[in-house]
Amino acid sequence: MKRHHNHIALLIIAFSVTLFVYTLYGYMNYRVNVSLADALTVRSTLAKNESYKQEQKELTSLYEKTATDRASVFSFFVKDSDTVSFIETIESLGGRTGSRVVLSSIDSIDPSGQNGKFGFINAGVQVQGSWSAVIRTLMLAEVLPYKISISNVRLNSSGSSDPKNLSREWNLSFVLKATTIHDAN
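For the structure given in this document, a descriptive report is provided here. (Residues numbered from 1 in each chain as written. Predicted model: local features only at pLDDT ≥ 70, side-chain atom pairs only at ≥ 80, totals over all residues. Heavy atoms only, no water.)

### Section: the packing of aromatic side chains
Within the structure shown, the criterion is met by two aromatic pairs. With a centroid separation of 5.2 Å and 85° between ring planes, the pair formed by F86 and Y146 is classed as edge-to-face. In this pair, F86 is assigned in helix α3 (residues 83-97) and Y146 in the loop between α4 (131-142) and β4 (148-158), connecting sequence segments 60 residues apart. Taking relative accessible area as the criterion, F86 reaches 1% and is therefore assigned buried. Ring centres 4.9 Å apart and planes at 65° place the aromatic pair W131 and W170 in the edge-to-face group. (Phe/Tyr/Trp six-rings, centres within 6.5 Å; stacked < 30°, edge-to-face > 60°. Helix = DSSP H or I, 4+ residues; strand = E, 2+ residues; numbered from the N terminus. Buried < 20%, exposed > 50% of the residue type's maximum accessible area, 1.4 Å probe, protein only.)

### Remarks on the environment of G94
Position of G94 relative to the elements: it lies in helix α3. Note on G94: relative accessible area 4%, which makes it buried. Sequence separation of G94 and Q128 is 34 residues, and the distance between their C-alpha atoms is 8.8 Å. With residues up to four places along the chain from it excluded, the contact list for G94 reads S99 and V101. (Contact = heavy atoms within 4.5 Å.)

### Some remarks on α4
In an α-helix, one full turn covers 3.6 residues, which means residues spaced three or four apart are oriented alike. The end-to-end C-alpha distance of α4 is 17 Å, a good match for the 16 Å that 12 residues give at a rise of 1.5 Å each. Regarding α4, the residues found buried are A133, V134, T137, L138 and A141. Down the axis of α4, the buried side of the element spans an arc of 135°, and every buried residue falls inside it. Elements in contact with the buried residues of α4: α3, β2 (100-109), β3 (118-129), β4 and β5 (169-181). (Expected span 1.5 Å × (residues − 1). Arc of directions from axis to C-beta.)

### Considering α3
Along its 15 residues, α3 runs 22 Å from first to last C-alpha, staying within 8% of the 21 Å computed at 1.5 Å per residue. A maximum bend of about 30° is found in α3 at E91. Those residues of α3 not exposed but buried are F86, I87, I90, L93, G94 and T97. Tucked into the core, α3 has its buried residues touching β1 (78-79), β2, β3, α4 and β5. Of the residues flanking the end of α3, it is G98, one or two places downstream, whose phi is positive at about 85°. (Bend = angle between axes of the 7 residues up to and from the residue.)

### Description of a nonpolar patch on the surface
A cluster of nonpolar side chains, namely L10, I13, V17, F20, V21, L24, Y27, M28 and Y30, defines an oily patch on the protein surface of about 960 Å² accessible area. Relative to the assigned elements, V17 resides in helix α1 (residues 4-65). (Patch = residues over 30% accessible without salt bridge, like charges linked within 9 Å, V, L, I, M, F, W, Y side chains within 5 Å. Areas by Shrake-Rupley, 256 points an atom, 1.4 Å probe, with all protein chains shown as cover. Salt bridge = Lys/Arg side-chain N within 4 Å of Asp/Glu carboxyl O.)

### Overview of the nonpolar core
With 20 residues, the main nonpolar core has F86, I90, V125, V127, F174 and L176 as its most contacted residues. At the level of elements, α3, β2, β3, α4 and β5 are the ones that each hand at least two residues to this core. Top element by residues in this core is β5. It accounts for five residues. Excluding residues within four positions of it along the chain, V125 makes contact with I90, V101, V102, L103, S104, L172, S173, F174 and L176. (Core = buried A, V, L, I, M, F, W, Y, C linked by side-chain atoms within 4.5 Å.)

### A closer look at the packing of α3 against α4
Running from N to C, α3 and α4 cross one another at 135°; their axes reach a closest spacing of 9 Å. As judged from the angle between their axes, α3 and α4 are oblique. Along this stretch, α3 crosses α4, giving a crossing that reads as right-handed. Along the contact surface, α3 presents L93, R96 and T97, while α4 presents A133, R136, T137, L140 and A141. (Axes fitted to C-alpha atoms, helices over the stretch in contact; angles between N-to-C directions. Parallel < 35°, antiparallel > 145°, perpendicular 65-115°, else oblique. Left-handed = near helix turned anticlockwise from the far one by under 90°.)

### Focus: the environment of L140
Inspection of the secondary structure puts L140 in helix α4. Non-local contacts of L140, meaning those with residues more than four positions away in its chain, are made with L93, R96 and T97.

### Topic: the side chain of T137
By the secondary structure assignment, T137 is in helix α4. On the accessibility criterion, T137 (1% relative accessible area) is buried. If we skip the residues at most four places from it in the chain, T137 touches L93, T97, S99, V101 and V127.

Shown next as C-alpha cells:
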C-alpha cells in the first residue's frame with residue numbers, strides 16, 4: 001500500500017516552512033537595513049555636530065585673537081565728534097612741511113543720514129610753498145591714519161619760468177574725502 005497523502009502533507013509542510021523562512025528573512029533584512037540607515041544618520045549627525053563644535057572653537061579663538069584689531073578698526077574713521085580735530089590735522093600739515101595750507105571748502109554728509117553707518121567729509125585743500133614743501137604736504141595727506149581718498153589734484157607754479165630760479169612758488173589743490181562714523185559714546 002502506498003501512502004500518497006503523507007508525502008503531500010510533508011510537501012505542504014516543507015513549502016510552508018520555506019515560505020515562513022523567506023518571509024522571516026525578508027522581514028529581518030528590511031529591519032537590518034532600516035537599523036543601518038538609522039545608525040548612519042545618527043553617525044552623520046554626530047560628525048556634523050563635532051564639526052560644528054570644532055568650527056565654534058576656531059571662531060571663538062579667532063574672535064579672541066582679533067579683539068584688539070577689531071577695536072582699532074574704528075580709529076581709521078573720523079568720528080563725527082572729532083570732525084574739528086580732523087580739520088585741524090589737515091591744516092597742521094603745512095606747519096610740518098613749511099607750506100601754507102588753506103581749506104577752501106568743507107562739505108560733509110552726516111553718518112546719521114546714511115542709516116547710521118558712514119558719512120563723509122569732503123575738504124578742498126589748497127597748498128602753497130616750495131616744490132618740496134608742497135609735495136611733502138600731499139604725501140602727508142595721503143598717509144593720514146584715516147580711510148581717505150584724494151582726488152582732483154592740480155599743481156601749478158607761479159613766478160619765473162627759468163628752471164634755475166629756485167624761488168618759484170608752487171600751488172597745489174586737491175579734494176580730500178574722509179569717511180566718518182557716528183560716535184556712539
